[in-house]
Amino acid sequence: MEFKIYDSAHLPVIAHFCDRLKIKEIADKSLPWDMSQWEISPGTVIKGIIIDALSGRSPLYRMNEFFETSDIEGLLGQGVNASHFNDDRLGRTLDIIYKHGAAQLFSDTVISAINEFQLDLKMIHADTTSKSVYGDYEHQNPNSVKIVHGFSKDKRPDLKQLLFGVVTTQDKVPVYANVTHGNTNDKTWNNNLLTIIQKQLSGVDLSTVTYVADSAVVTEKNLTTLATLPMNLISRFPETFNLCRDLMERAVKDDIWEDIGKLSTRTGSASYKINSYVEELYGRRYRFVVVYSDKHNERKLKSLAKKIEKEHDRLLKLNKKPVLFHCPDDAQVALATTIKSTVFCNVTGQIQTVTIKKKREKRGRRPQNAAVEYDTFYKVQYEITKNASRIKREQQKAGMFVLIATDLETLGDKKILIEYKRQISVEVTFKFIKSPMIVDRLFLKNNSRIEALGYLMLIALMVWSLMEREVRQNISEPLIGPGNIKMMKPTAWAIMMMLSSLKTIIYNKNNNKSICDFANPPSQNQLDCLTLLGLTTEKYLVLL
């Protein structure tokens, strides 16, 4: 009896979500290809790349060997075999993706996702991250993404890089993304996005959308662009603005807080207090929400403590080694200057007279009856105490930040804070982009192929996020995750691990029809997981 065993794991789930997104159909319809010259369609290749990228192994490395150990026909269709995934075909597919427009392919997939999964776009979260690449890339396609040195969020300034910009829904599904030049700064990226977002989200009523981004979006140019769009903004207000510091001072002075408590059920989570003001910035009125967290920023508190001690030590040295002045007016000016420059200490002082024996101009011993001459100087004797109330206010400010919002009436202050805290949703996606299990090294030598591959990884991110979203929306009883942990909000990684032991076997019994079955029956937990994903075991037991 002949048989083959496949490590199916979560791969049929990935194939299922690719099918729901119609990735193959979209690619085959939009990409220019000649059926007579392609053994398998570019859409099939793209689907294979996504399955490979989400397999948990080093992606795009010897894909033909990977598919030799997979039920490739069950995943990609009848007639597809591992030899189809050679380097030449992968390169040709990336080339036609680039020529057609990789961003357009991603955009078409987003539209499919919005329609198929009924994505909620009321709150969208935007941010960027860099991805380092290996190689010099001295000869690049001038029309493609520029792989250059830039501010490295990977903390690898020695490597060249490209930039990924991503906009996600609250549940981490990307609805806009781009791969751009490695030296693009966040302020420029935000402005570029704001100028095209209406086109990218065509068919979406932007008046119902709130754009949540980090502080890089708060520039005069970006706020002016936003003013032409019907959508709202929530962002962190940069502390580089004098208005930000003024608002924190005002909130401390007013001491009128709304205590909203904790926003998370996690142990040790922060508790918040808020206060809000409406002020003008660049000729337009915005709402500013001053937020106080009881989990003070440790870095800021350490920095503040150093500043306090440095100032106190500087003042003490003025008494130990006083400066002498020739007139009392100069000493008075010095006292006033010191008081004005002091932040954390209370300083007062008295002008004291100092007499010092004058040096003789002639050499030798002073005559016995000669009068002793003295010079008169003036010094400041400082009285120094730490300003406890001021220090306390500064410590409170260290635990503060300010949010800016264009919505003056509809959203409550608490809602603005909650939505800003959900900015973590887009930051979590960067772990996917940077994960060595997803994209270990972008080793392609052609920058246009790297651009095309970057967009395919973003489509893979969409599939990954939709898997997680599907389970979380449908779950009512906890799943048993890795380490026997009960999970009501399992991550896509946890889902992958739960299904990792699933193996299928295809065998031919007594030369009869081939039979496909599980090598070992799925556990109830695995069956529950598949149900939440919208699958049955039949997806694993496909014979073509």
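The rules behind each value
- Residues numbered from 1 in each chain as written.
- Predicted model: local features only at pLDDT ≥ 70, side-chain atom pairs only at ≥ 80, totals over all residues.
- Heavy atoms only, no water.
- 1 Å grid on protein atoms, 1.4 Å probe; cavity = no way out; pocket = protein on both sides within 12 Å on 5 of 7 lines; lining within 4 Å.
- Points joined across faces, edges and corners; volume = space filled by probe spheres on them.
- Nonpolar A, V, L, I, M, F, W, Y, C, P; charged D, E, K, R; others polar.
- Disulfide = S-S within 2.5 Å.
- Salt bridge = Lys/Arg side-chain N within 4 Å of Asp/Glu carboxyl O.
- Helix = DSSP H or I, 4+ residues; strand = E, 2+ residues; numbered from the N terminus.
- Buried < 20%, exposed > 50% of the residue type's maximum accessible area, 1.4 Å probe, protein only.
- Phe/Tyr/Trp six-rings, centres within 6.5 Å; stacked < 30°, edge-to-face > 60°.

Trainee: So what exactly am I meant to see when it comes to the layout of surface pockets here?
Mentor: To find leftover empty space, one rolls a probe the size of a water molecule over the atoms. Reported here for the largest pocket is a volume of approximately 1800 Å³. Along its surface, the largest pocket is lined by 46 residues, and Arg266, Lys421, Arg422, Ile424 and Ser425 are the ones closest to its centre. Looking at side-chain class alone, the lining of the largest pocket contains 17 nonpolar, 14 polar and 15 charged residues.

Trainee: Help me understand the state of the cysteines, please; the structure alone is not making it clear to me.
Mentor: Linking two cysteines covalently through their sulfur atoms gives a disulfide. This structure, assessed with the given rule, holds zero disulfides. Just so you know, Cys18 is unpaired, no disulfide at all, and the nearest cysteine sulfur is the one on Cys529, 17 Å from it.

Trainee: What am I meant to see in the pattern of salt bridges here?
Mentor: Inspection of every chain in the model, using the stated rule, returns 23 salt bridges. The partner of Lys47 in a salt bridge is Asp19, and the shortest N-O contact between them spans 2.8 Å. Residue Lys47 is located in helix H3 (residues 42-53), and its partner Asp19 is located in helix H1 (residues 11-21); the two are separated by 28 residues in the primary sequence. Here Lys47 falls in the buried class, since its relative accessible area comes to 7%. Ionic pairing is found between Glu470 and Arg20, a salt bridge with its closest N-O pair at 3.3 Å. Of this pair, Glu470 sits in helix H16 (residues 447-474) while Arg20 sits in helix H1, and the two are 450 residues apart along the sequence. Grouping residues by exposure puts Glu470 and Arg20 together as buried. A single salt-bridge network, built from bridges that share partners, covers Glu249, Arg390, Glu394 and Lys397.

Trainee: Where do I start with the packing of aromatic side chains in this structure?
Mentor: We describe a pair of aromatic rings using the distance from one ring centre to the other and the angle between the two ring planes. Applying the stated criterion across every chain yields a total of 12 aromatic pairs. Here Phe106 and Tyr455 contribute two aromatic rings whose centre-to-centre distance is 6.5 Å and whose plane-to-plane angle is 55°, an arrangement assigned as tilted. Residue Phe106 is found in helix H7 (residues 102-117), and its partner Tyr455 is found in helix H16; the two are separated by 349 residues along the sequence. By relative accessible area, which is 4% here, Tyr455 ends up buried. With centroids separated by 5.1 Å and ring planes inclined at 70°, the aromatic side chains of Trp464 and Trp493 adopt a geometry described as edge-to-face. With Trp464 in helix H16 and Trp493 in helix H17 (residues 492-498), this residue pair connects regions lying 29 residues apart in the sequence. With relative accessibility at 5%, the residue Trp464 sits in the buried group. Ring pairs connect the aromatic residues Phe237, Phe241, Tyr282 and Phe288, which therefore count as one cluster.

Keep in mind these numbers describe shape, not what the thing actually does.
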